[in-house]
Amino acid sequence: MPAILLTGATGYIGSHTWLALQSAGFDVIGVDSLVNSSPKVLDRLTELGGREPVFVEGDVRDAAALDRCFELAGTRFGGISAVVHFAALKAVGESNERPLDYYENNLGGLLSVCQAMKRHGVTDLVFSSSATVYGKPESLPITESAALKATNPYGQTKLIGEELLRGLEQCDASWHFAYLRYFNPVGAHPSGRIGEDPRGIPNNLMPYVAQVAVGKRAHLNVFGNDYDTPDGTGVRDYIHVCDLAEGHVAALRYLAEQKRSLTVNLGTGQGYSVLDLARAYGEAADREIPVVFAPRRPGDIDACYADPAKAFETMGWRATRGLAEMCADSWRWQSSNPNGFEA
Ligand code: NAD
Ligand code: UFG
């Protein structure tokens with residue numbers, strides 16, 4: 001059976017999706033430049049998946065590296081049936097400092113992946129989009145038909161990426177794309193052997209709270225307590241990374257069976273505040289998470305949560321793991337790997 005090619009395969013979401021695909025019976029080949037992930041992920045995938053991962057180290061902007069993936073899949077499996085394109089730079093703040101690098105990596109990478117698919121006759125692609133494409137939403141919960149707006153270079157790469165792919169489908173109906181708009185992925189594999197391993201100071205809430213819990217940081221800075229939300233702190237739709245990974249399995253099945261494109265939110269539909277999350281994490285880790293109120297972070301919005309109905313109606317997928325499980329699984333990963341993949 002042809003395999004699924006994952007780009008950005010050793011990253012946070014890629015590694016969890018690799019396991020979810022194998023559990024669902026798919027063969028997988030991964031490519032990653034390791035610019036933001038560790039090769040040690042591959043050892044953990046061997047341990048958890050019971051077989052050595054088929055992996056190419058390379059940049060998706062390098063046509064030869066992508067051709068190697070297709071050739072390898074031809075010898076190891078029956079070729080490649082679809083691609084899941086995770087490879088991207090994802091830090092919003094950094095994207096304001098290095099916009100050209102973000103445009104080049106994220107948009108150049110997407111075009112290069114599509115060119116390789118065209119060379120090898122593959123037409124199904126799952127695109128990692130983001131709730132960031134909704135900008136500051138006009139109403140909540142957010143449906144897929146809400147207005148789209150990018151507010152930073154990272155968000156632009158997701159919005160323009162979607163637009164490029166829509167343009168491609170209009171010119172050539174043989175392409176089929178799943179545009180998956182992720183809300184806030186958190187948590188870790190329940191084994192505690194793989195998880196999120198940000199470099200430097202974490203930008204995102206749960207990895208930061210995890211480092212407070214494990215004693216690497218003194219307290220959580222809560223960015224703003226005067227938002228228009230029940231407790232004044234920002235509200236987001238946190239989704240367990242294993243639910244998100246299973247959403248990719250559902251999307252690949254949809255593309256293979258329905259032979260048409262699809263745009264869906266991957267969220268739970270439930271919003272939690274910064275203080276809700278800090279409290280839930282404290283319970284999971286059985287310790288208090290000290291908080292200090294700090295000014296708002298530029299560009300942040302009050303609240304953002306999905307209407308997840310369409311994903312269930314179209315692909316039969318819905319998130320099943322709650323906040324307590326997200327925190328417990330993150331804590332298992334963080335407490336047994338305080339320095340991430342570095343021993
Ligand atoms: P991640 O940084 O953990 O993983 C991305 C992987 O891509 C990394 O392993 C990195 O080394 C690799 N990569 C980057 N550029 C590459 C290139 N040119 N060639 C080859 N490999 C390259 O991030 P993640 O959280 O796993 O995110 C995966 C995707 O999901 C990204 O496209 C991201 O924008 C999107 N997304 C993430 C979130 C989130 O909060 N985590 C939310 C919405 C969307
Ligand atoms: N926050 C803090 N302290 C921190 C970090 C975050 O109070 O140290 C707050 C933020 O102000 C926000 C909430 O926690 O209210 C969540 O912040 P994150 O940075 O974890 O997530 P965002 O919703 O800001 O953004 C994330 C990704 C984006 C993506 C978006 C939607 O970083 O790339 O989700 O998917 F676009």
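Okay, so let's go over this structure. These figures come from a predicted structure and were not determined experimentally. (Residues numbered from 1 in each chain as written. Chains lettered and ligands numbered in written order. Predicted model: local features only at pLDDT ≥ 70, side-chain atom pairs only at ≥ 80, totals over all residues. Heavy atoms only, no water.)

As for helix H6 (residues 153–171)
Stated precisely, the cut-off is as follows: Numbered from the N terminus, helices here are DSSP runs of H or I no shorter than four residues, and strands are runs of E no shorter than two. Residue count minus one, scaled by 1.5 Å, sets the expected span of a helix. Two residues qualify as a contact provided that any one of their heavy atoms is within 4.5 Å of a heavy atom in the partner residue. Pairs of N or O atoms within 3.5 Å make up the polar contacts considered here, provided that, within protein, one atom can donate a hydrogen while the other can accept it, and that residues adjacent in sequence are counted only when both atoms are side-chain atoms.
An ideal rise of 1.5 Å per residue puts 27 Å on 19 residues; H6 measures up with 26 Å between its terminal C-alpha atoms. For H6, the secondary structure elements touched by its buried residues are helix H4 (92–97), helix H5 (99–120), strand E5 (124–130) and strand E6 (176–182). Capping the start of H6 is the job of one residue whose side-chain oxygen sits 3.2 Å from the backbone nitrogen of Tyr-154: Asn-152.

Quick notes on the side chain of Ser-273
You can see Ser-273 is positioned in strand E12 (residues 272–273). Only 2.6 Å separates the side chain of Ser-273 from the side chain of Asp-231, close enough to count as a polar contact. Apart from the residues within four sequence positions on either side, Ser-273 is in contact with Asp-231, Thr-233, Gly-234 and Val-235.

Let's talk about the site of ligand 1
The condition is simple: Note on terminology: near, applied to a residue and a molecule or strand, indicates that one of the residue's heavy atoms is within 4 Å of it. Where accessible areas are quoted, they stem from the Shrake-Rupley method and a 1.4 Å probe; at the residue level, only the protein chains shown are allowed to cover. Amino acids outside the nonpolar list (Ala, Val, Leu, Ile, Met, Phe, Trp, Tyr, Cys, Pro) and the charged list (Asp, Glu, Lys, Arg) are all regarded as polar, and Gly is one of them.
Taken together, 28 residues lie near ligand 1, and Ile-13, Asp-32, Ser-37, Phe-86 and Tyr-154 sit nearest. At 2.7 Å from an oxygen atom of ligand 1 is found a main-chain nitrogen or oxygen belonging to Phe-86. For ligand 1, whose unbound accessible area comes to 820 Å², protein coverage reaches 94%. For the shell around ligand 1, the secondary-structure elements that each account for two or more residues are helix H1 (12–23), E5 and H6. Examining the composition of the shell around ligand 1, we find that three residues originate from one element, E5, more than from any other. The residue inventory of the shell around ligand 1, partitioned by class, reads 12 nonpolar, 11 polar and five charged.

With respect to the sheet that holds strand E9 (residues 235–236)
Quick reminder of the rule: Two strands form a pair only when DSSP identifies at least two bridges running between them.
Ordered by their spatial adjacency, three strands build an open sheet running E12-E9-E14, and the pairing between neighbours is mixed. Bordering the open sheet on either side are E12 and strand E14 (303–304), each of which pairs with just one other strand. Bridge count between E9 and E14: two bridges; the pairing is parallel. Opposite Arg-236, over in E14, you have Cys-304 as the bridge partner.

Concerning the environment of Leu-34
One can find Leu-34 in the loop between strand E2 (28–32) and helix H2 (40–49). Sequence spacing of Leu-34 and Gly-155 is 121 residues, and the spatial spacing of their C-alpha atoms is 22 Å.

With respect to the site of ligand 2
Not every one of the 23 residues close to ligand 2 is listed here, only the nearest: Asn-204, Asn-221, Arg-236, Arg-297 and Asp-300. Here Asn-204 contributes a side-chain N or O atom positioned 2.8 Å from an oxygen atom of ligand 2. Between ligand 2 and the protein, one listed contact pairs an oxygen atom with a backbone N or O atom of Leu-205 at 2.8 Å. Alone, ligand 2 offers 690 Å² of accessible surface; in the complex the protein occludes 89% of this. Elements with a contribution of two residues or more to the shell around ligand 2: helix H7 (205–213) and strand E8 (220–223). The biggest single contributor to the shell around ligand 2 is E8, with four residues.

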